[in-house]
Each structure stands twice: as C-alpha cells, then as structure tokens.
Amino acid sequence: MADPWQNAMDHAVAVARKAGEVVCDALRGDRAVMTKSSVVDLVTQTDQKVEQLIIQSVKEKFPTHRFIGEESVAAGEPCVLSDSPTWIIDPIDGTTNFVHAFPFVAISIGFAINKQVEFGVVFSCVEDKMFTARRGKGAFCNGEPLQVSRQEAVEQAMVATEFGSDRDADVVDKIFQSLRNILCLPVHGVRGAGSAAINMCLVASGCVEAYYEMGIHVWDVAAASLIVSEAGGVLMDVDGGDVDLMSRRIIAANSKTITERLVKAIVPFSLPRDDAT
Ligand code: LIP
C-alpha cells in the first residue's frame with residue numbers, strides 16, 4: 001500500500017533544505033541577537049523568519065494540519081499535541097551555535113498523528129547532512145541507512161549532553177552532579193554538539209552511544225526521536241520511565257544496557273512541561 005504521508009515527508013525534506021539555505025546565508029552575515037526565557041536563551045530574526053517560511057509552505061499544501069513551532073510558542077501560541085496531524089518545528093536547533101557561527105545547527109521537522117511521530121527530518125545544514133526517518137521504515141543520512149553503535153559497555157562509551165540555558169545555581173549543580181557521576185563510571189568521553197537534534201543524530205549514526213539532557217523542548221527532539229528509534233536505538237526518561245516528549249527530559253541511546261547505566265548516574269529534576277497551560 002502506498003504510504004499516505006510520503007508526500008508530506010517529501011515536502012518536509014524540501015522545505016528543510018530551503019530553510020537550510022536561509023540559515024547558511026545568514027551565517028555569513030550579521031546576526032542580531034534577542035533573548036527569551038533568560039539572558040542565555042537566544043533567538044534571532046533568522047529563527048523567526050525560517051519558522052514562518054516552513055509554516056507558510058506547509059499550510060499551502062496541508063491547510064488543515066496543526067503546528068507546534070518553537071518561535072510561535074515563544075510568541076504565545078499553545079503547545080498542544082492533539083491527535084490531529086501536527087508538524088513540530090524547530091527552525092534552528094542550536095541557536096547559540098548559530099549566533100557564534102559554531103558550525104552545528106539544524107532544521108528539525110517532526111510530524112505526528114495520534115501523538116505518535118510518523119516521520120522526522122533533521123537537516124544539519126552546515127554539514128549538509130539530511131537525516132530522515134519514517135516510522136517502520138528505518139533511518140537515513142543523505143539516503144544511507146543509519147544504525148546505532150553496538151557497544152554495550154558503558155566504560156567504552158561516548159556520551160553526549162548539553163548544559164542548557166538555565167543558569168540557576170541549584171540546577172547547574174544537579175547538571176554537574178550527573179556529569180561527574182557519568183564521567184566517573186568511567187566513560188571514554190563526554191561531548192556536546194550544541195544542538196539536541198544533532199546530538200541525537202550522532203546517536204543514530206553510531207558516533208556516540210548516548211545523549212541525555214534535562215531542559216530540552218518537544219521541538220528539539222520530536223523529529224530526532226524517530227531517527228534514533230528507527231536506527232535501532234532506545235528512548236527513555238532520565239528516571240527510567242517511558243519517554244514523554246513534553247516532559248523536557250530525554251535519554252536517547254544505542255541500547256537498554258547503556259540507558260539503564262545512565263539512569264543510575266543521572267540526578268533527575270523536574271521542569272515545567274511544554275504542554276503546561
Ligand atoms: C537548544 C538545544 C541545545 C539545548 C538547549 C536548547 P534551540 O535548542 O538544542 O542543545 O542544550 O536546551 O533546547 O534553542 O537552539 O532550538
């Protein structure tokens with residue numbers, strides 16, 4: 001049977017590529033910076049312009065579909081995942097990288113129906129890597145199939161994480177406690193690309209065994225969550241429960257074994273949910 005969402009996925013790939021051109025052009029020019037929830041939670045006109053470009057272009061083709069977009073939510077739109085077809089968009093994942101021209105930025109487009117991600121597209125535009133996944137059909141980078149690492153020994157693992165944009169000292173202490181516990185497991189190393197979506201694509205590509213973070217948002221991880229699971233990976237909450245894309249916490253790893261070792265090392269904390277009204 002023909003895939004009913006192939007058309008939508010093709011459109012997502014095309015618009016992500018177009019958005020990537022805008023982002024790469026902007027990287028060569030001036031980037032005026034504004035702030036959102038804190039002085040280190042950054043946004044630029046390019047984030048807003050790219051989100052509008054994606055939403056307008058999807059609306060023309062799929063006028064009844066809904067949207068959750070990072071900058072639309074920042075501007076007061078609700079962050080609600082209903083059963084309706086919903087596009088979950090991060091126009092620039094890695095905005096701080098973008099501001100500093102640190103070359104890891106991605107356009108992230110997830111598409112969910114009945115609250116389940118059906119396809120995910122992450123375009124790491126500076127690297128020119130188009131990551132895609134369709135539920136049940138595998139994950140790919142520039143058309144090549146992806147497979148998570150087979151390494152199950154945490155002592156030989158590379159783990160990705162980020163420090164996020166909360167500078168509250170208690171939160172930072174907890175982040176450092178987790179980091180300390182993980183470094184002392186020990187692991188081979190800890191890395192961070194500065195983009196949740198790219199970190200997760202690194203898990204899907206087998207370059208790191210795991211990524212975890214507390215403080216992410218649904219638009220950072222929706223598309224990449226499917227890319228990880230379709231590459232054979234595991235998604236879990238940092239407390240070992242089921243992953244909940246609205247909870248702002250995630251572990252994405254190559255295996256249950258490594259995930260469970262990380263759960264024991266991470267000091268979990270709660271965050272206001274993305275869908276809290
Ligand atoms: C950011 C991430 C970054 C993470 C932040 C934030 P933005 O997304 O991808 O890696 O640490 O929590 O969510 O704001 O650049 O789209």
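Above this text is the structure in question.
None of the values given here were measured: they were computed from a predicted structure. (Residues numbered from 1 in each chain as written. Predicted model: local features only at pLDDT ≥ 70, side-chain atom pairs only at ≥ 80, totals over all residues. Heavy atoms only, no water.)

### Description of the sheet that holds strand β3 (residues 66-69)
Across the sheet, 7 strands lie side by side as β3-β4-β5-β6-β7-β8-β9; this open sheet has mixed pairing. With partners counted over all chains shown, the strands left at the sheet margins are β3 and β9 (144-145), one partner each. In this sheet, strand β5 (residues 106-113) lies alongside strand β4 (residues 86-93) in antiparallel orientation, the contact comprising 6 bridges. Opposite W87, over in β5, you have F111 as the bridge partner. Its contacts with the sheet place helix α1 (residues 6-27) against β4, β5, β6 (116-124) and β7 (129-134), and it is angled at close to 30 degrees to β6. (Pairing = 2+ DSSP bridges. Helix = DSSP H or I, 4+ residues; strand = E, 2+ residues; numbered from the N terminus. Contact = heavy atoms within 4.5 Å. Axes fitted to C-alpha atoms, helices over the stretch in contact; angles between N-to-C directions.)

### Quick notes on helix α7 (residues 218-230)
With 13 residues, α7 ought to run about 18 Å at 1.5 Å a step, and its terminal C-alpha atoms sit 18 Å apart, in line with that. Roughly 30 degrees is the biggest bend found in α7, and it falls at A224. Judged by how many residues are buried, α7 sits mostly within the fold: 11 of 13 residues are covered. Listed as buried for α7 are V218, W219, D220, V221, A222, A223, A224, S225, L226, I227 and V228. Taken from the residues just after α7, G232 is the one with a positive phi, measuring 100 degrees. (Expected span 1.5 Å × (residues − 1). Bend = angle between axes of the 7 residues up to and from the residue. Buried < 20%, exposed > 50% of the residue type's maximum accessible area, 1.4 Å probe, protein only.)

### What to know about a negative patch on the surface
A contiguous patch of negative charge, built from D166, D168, D170 and D173, is present on the exposed surface. Relative to the helices and strands, D170 is located in helix α5 (residues 169-183). (Patch = residues over 30% accessible without salt bridge, like charges linked within 9 Å, V, L, I, M, F, W, Y side chains within 5 Å. Areas by Shrake-Rupley, 256 points an atom, 1.4 Å probe, with all protein chains shown as cover. Salt bridge = Lys/Arg side-chain N within 4 Å of Asp/Glu carboxyl O. Lys, Arg positive; Asp, Glu negative; His and termini not counted. Charge placed at Lys NZ, Arg CZ, Asp CG, Glu CD.)

### A closer look at the side chain of R248
Along the polypeptide, R248 turns up in the loop between β13 (234-236) and β14 (249-253). One buried charge, R248, has no salt-bridge partner; the nearest side chain with opposite charge is D274, at 4.1 Å. Polar side-chain contacts of R248 include one of 3.2 Å to the backbone oxygen of I216. Each residue touching R248, except ones within four places of it in the same chain, is listed here: E213, M214, G215, I216, H217, L271, P272, R273 and D274. (Polar contact = N/O pair within 3.5 Å; in protein donor to acceptor, adjacent residues only side chain to side chain.)

### Topic: the site of the ligand
Taken together, 14 residues surround the ligand, and among them D93, G94, T95, E213 and D220 come closest. The contact in question runs from an oxygen atom of the ligand to an N or O atom on the side chain of E70, over 3.0 Å. Here an oxygen atom of the ligand sits 2.6 Å away from a polar atom, N or O, in the side chain of D93. In isolation the ligand exposes 370 Å². Once the protein is present, 88% of that is buried. In a pocket analysis with a 2 Å cut-off to the grid points, the ligand is assigned to the largest pocket. Looking at the shell around the ligand, the element that brings in the most residues is β4, giving 3 residues. (Near = heavy atom within 4 Å. 1 Å grid on protein atoms, 1.4 Å probe; cavity = no way out; pocket = protein on both sides within 12 Å on 5 of 7 lines; lining within 4 Å. Sits in = over half its atoms within 2 Å of the grid points.)

### A few points about the environment of V122
Inspection of the secondary structure assignment puts V122 in strand β6. The exposure class of V122 is buried, given its relative accessible area of 0%. Among all residues touching V122, those that are not within four sequence positions of it are A106, I107, S108, K129, M130, F131, A197, C201, A223, A224 and I227.

### Section: the layout of surface pockets
The space that makes up the largest pocket amounts to roughly 1,000 Å³. Around the largest pocket, the lining comprises 39 residues; the ones closest to its centre are D41, G164, S165, G215 and H217. Split into classes, the residues belonging to the lining of the largest pocket amount to 15 nonpolar, 12 polar and 12 charged. Two domains each donate at least three residues to the lining of the largest pocket, and these are domain 1 (6-145) and domain 2 (154-265). (Points joined across faces, edges and corners; volume = space filled by probe spheres on them. Nonpolar A, V, L, I, M, F, W, Y, C, P; charged D, E, K, R; others polar. Domains from an automatic or database assignment.)

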